[in-house]
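Notes for the structure review
For reference, the chains in residue letters:
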Number of protein chains: 2
Amino acid sequence: MPTDRGREVLDFLRAYIARHGRAPKLREIARHLEIGSRGTVHRYLRALEAEGLIAIEPARARGVRLRRKAAARPFVLPLLGRIAAGRPIEAVPGADEIDLSEFFVAPNRFVLRVAGDSMVEDGILDGDMVIVEWRETADNGAIVVALIDGQEATLKRLQKNHDGSVTLRAANSTMPPMRYAADRVRVQGVVVGQFRSYR
Amino acid sequence: MPTDRGREVLDFLRAYIARHGRAPKLREIARHLEIGSRGTVHRYLRALEAEGLIAIEPARARGVRLRRKAAARPFVLPLLGRIAAGRPIEAVPGADEIDLSEFFVAPNRFVLRVAGDSMVEDGILDGDMVIVEWRETADNGAIVVALIDGQEATLKRLQKNHDGSVTLRAANSTMPPMRYAADRVRVQGVVVGQFRSYR
DNA sequence: GCTGAATGAGAACAAAAGGAGAACATTACA
DNA sequence: TGTAATGTTCTCCTTTTGTTCTCATTCAGC
């Protein structure tokens, strides 16, 4: 059981690691807790290590790792159920919370803000964010970030044709599908998610 | 686990490759990170290769390849920029990463899975998730979870009328707006976000 | 009073992190 | 083919970081 101050150090470690994905430096911990000396901070870290809450890689910058016992609060929201017009909210059995990090966070992903209405019929509106996984191949029908002639980047549905050519389809009936020779189109990533904020 | 500077090199590699389709030159990395020596940059690349995050084709210009293992940060994804049909990805100045936990997670929020097409014209499709903030009041035009007569829960746009009554509008032209006396409608929450997974 | 735990400051040191630049080999390209 | 650009390998340097000390202060409990 850590002391009061030790617990504050641990709380900050959790918050920092959740936010940045790596441990803070001793100086950052000290500044946040208004401690003037790195030596003092280090004493707390050693105490936390002695209790099995963290592991310290000696002499390494940011060499602190949280152990299972001290795992950060998960990135979850309660999932209340399904909502449909005209009926009460239905509870979803067996799924009472949803881990957003499973949906979104994975290696090699990044976010793009969408400009324009080219995917509006797939529910991707101007200003929405899409989560893209960096990949060079994609399945037929996937929404991809494609680079045409090494210059123009677009968000389109991918269709591979039998003759080897590639058709890129917008989800907007005012925009005709475009067909390209295979070597003109390079897939940069596949859209694996989308989100939007109303604030 | 890369050092601070090594991680910045990796972030730049990811952003550059996603944007240009090929790796940068050492001098480009150096200029972006304000490093004066190519030798220093090369040391970072070798460290990243030793950790299995990238592969280097020896002596080749732009001979860096990202490996799948390249680690992402939990809850934080890089924001590469804006994408629009017919133009390269534009960088967004001053916003190079998005903290999804700040975006979505708050103690008074929950997630609902949407069933049906009542909000399809607002880009909320069947099966999408909406993030709802628990509140009893809402601004005009907000998308709300409303309870009608204490029984039916629906997802609709809210419109407060001058006579005190309330109109709930679906975003679907086949569904007519419905008008209710104020005491029949109770706002349960306001939609603050929406997301979708393509897996 | 006395004691011990908790907390803090700061000095001193070794190692890591970060950088500059020279020198050379190889590649890219007009 | 020849020249500039690029990648690669060094060594030397400064700053930052982690680490280990000692000393001081406060406070609770006996």
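Residues numbered from 1 in each chain as written. Chains lettered and ligands numbered in written order. Predicted model: local features only at pLDDT ≥ 70, side-chain atom pairs only at ≥ 80, totals over all residues. Heavy atoms only, no water.

1. Section: the UniProt feature "active site" (unreviewed entry) in chain A
Residues and elements named next belong to chain A. Under the UniProt annotation, the feature "active site" (unreviewed entry) is placed at S118 and K156. Spanning 39 residues, the named residues form one tight spatial group whose C-alpha atoms are at most 7.8 Å apart. Tracing the backbone through its elements, the reader meets S118 in the loop between β5 (109–114) and β6 (129–134). Setting aside its immediate chain neighbours within four residues, S118 contacts L155, K156, A170, A171, N172 and M175. Within the secondary structure layout, K156 lies in strand β8 (residues 152–160). (UniProt positions renumbered as here; feature names shortened; annotations may be inferred. Helix = DSSP H or I, 4+ residues; strand = E, 2+ residues; numbered from the N terminus. Contact = heavy atoms within 4.5 Å.)

2. Re the pairing of strand β8 (residues 152–160) of chain B
Residue and element names in this part refer to chain B. Pairing of strand β7 (residues 143–148) with β8, which is carried by six bridges, proceeds in the antiparallel orientation. The partner of V145 across the bridge, within β8, is L155. Connecting β7 to the antiparallel partner β8 that follows it, the hairpin turn spans three residues, and D149 within it adopts a positive phi of roughly 55°. Relative to strand β9 (residues 166–169), β8 runs antiparallel, the two sharing four bridges. If you follow Q159 over to β9, its bridge partner there is T167. Between the end of β8 and the start of β9, which pair antiparallel, lie five residues, with G164 showing a positive phi angle near 95°. (Pairing = 2+ DSSP bridges.)

3. What to know about the UniProt feature "DNA-binding region" (unreviewed entry) in chain A
UniProt tags residues 26–46 of chain A as "DNA-binding region" (unreviewed entry). Secondary structure content for residues 26–46 of chain A is 81% helix and 0% strand, and the end C-alpha separation is 12 Å.

4. Some words on the protein's contact with DNA strand D
In the region of DNA strand D, 26 residues are neighbours, and K25(A), H42(A), K25(B), H42(B) and A59(B) sit closest. For DNA strand D, the backbone portion of the atoms within 4 Å of the protein, that is sugar and phosphate, comes to 64%. Between DNA strand D and H42(A) there is a distance of 2.7 Å, counted from a phosphate oxygen to a side-chain nitrogen or oxygen. Here R38(B) contributes a side-chain N or O atom positioned 2.7 Å from a base nitrogen of DNA strand D. Every element with two or more residues in the surface near DNA strand D is listed here: α2 (26–33) and α3 (38–50) of chain A together with α2 (26–33) and α3 (38–50) of chain B. Class assignment of the residues belonging to the surface near DNA strand D gives a composition of 10 nonpolar, four polar and 12 charged. (Near = heavy atom within 4 Å. Polar contact = N/O pair within 3.5 Å; in protein donor to acceptor, adjacent residues only side chain to side chain. Nonpolar A, V, L, I, M, F, W, Y, C, P; charged D, E, K, R; others polar.)

5. Some points on the protein's contact with DNA strand C
By nearness alone, 24 residues border DNA strand C, and T3(A), G36(A), S37(A), T3(B) and G36(B) come closest of all. Every element with two or more residues in the surface near DNA strand C is listed here: α1 (4–20) and α3 of chain A together with α1 (4–20) and α3 of chain B. Of the residues in the surface near DNA strand C, the class split is six nonpolar, 10 polar and eight charged.

6. Points about α2(A)
The α-helix winds at 3.6 residues per turn, so residues separated by three or four positions along the chain end up facing the same way. All of the buried residues along α2(A) are E28(A), I29(A), A30(A) and L33(A). E34(A) occupies a position one or two residues after α2(A) and carries a positive phi of about 55°. (Buried < 20%, exposed > 50% of the residue type's maximum accessible area, 1.4 Å probe, protein only.)

7. Here's the deal with the nonpolar core
In terms of nonpolar packing, the biggest core is built from 36 residues, with V130(A), L155(A), V9(B), L13(B), I29(B), L45(B) and I54(B) touching the most fellow members. Those elements that place two or more of their residues in this core are β5, β6, β7 (143–148) and β8 of chain A together with α1, α2, α3 and β2 (64–66) of chain B. For this core, the element with the most residues is α1(B), which contributes seven residues. Not counting chain neighbours up to four residues away, the residues in contact with L13(B) comprise P24(B), I29(B), L45(B), L48(B), I54(B), V64(B) and L66(B). (Core = buried A, V, L, I, M, F, W, Y, C linked by side-chain atoms within 4.5 Å.)

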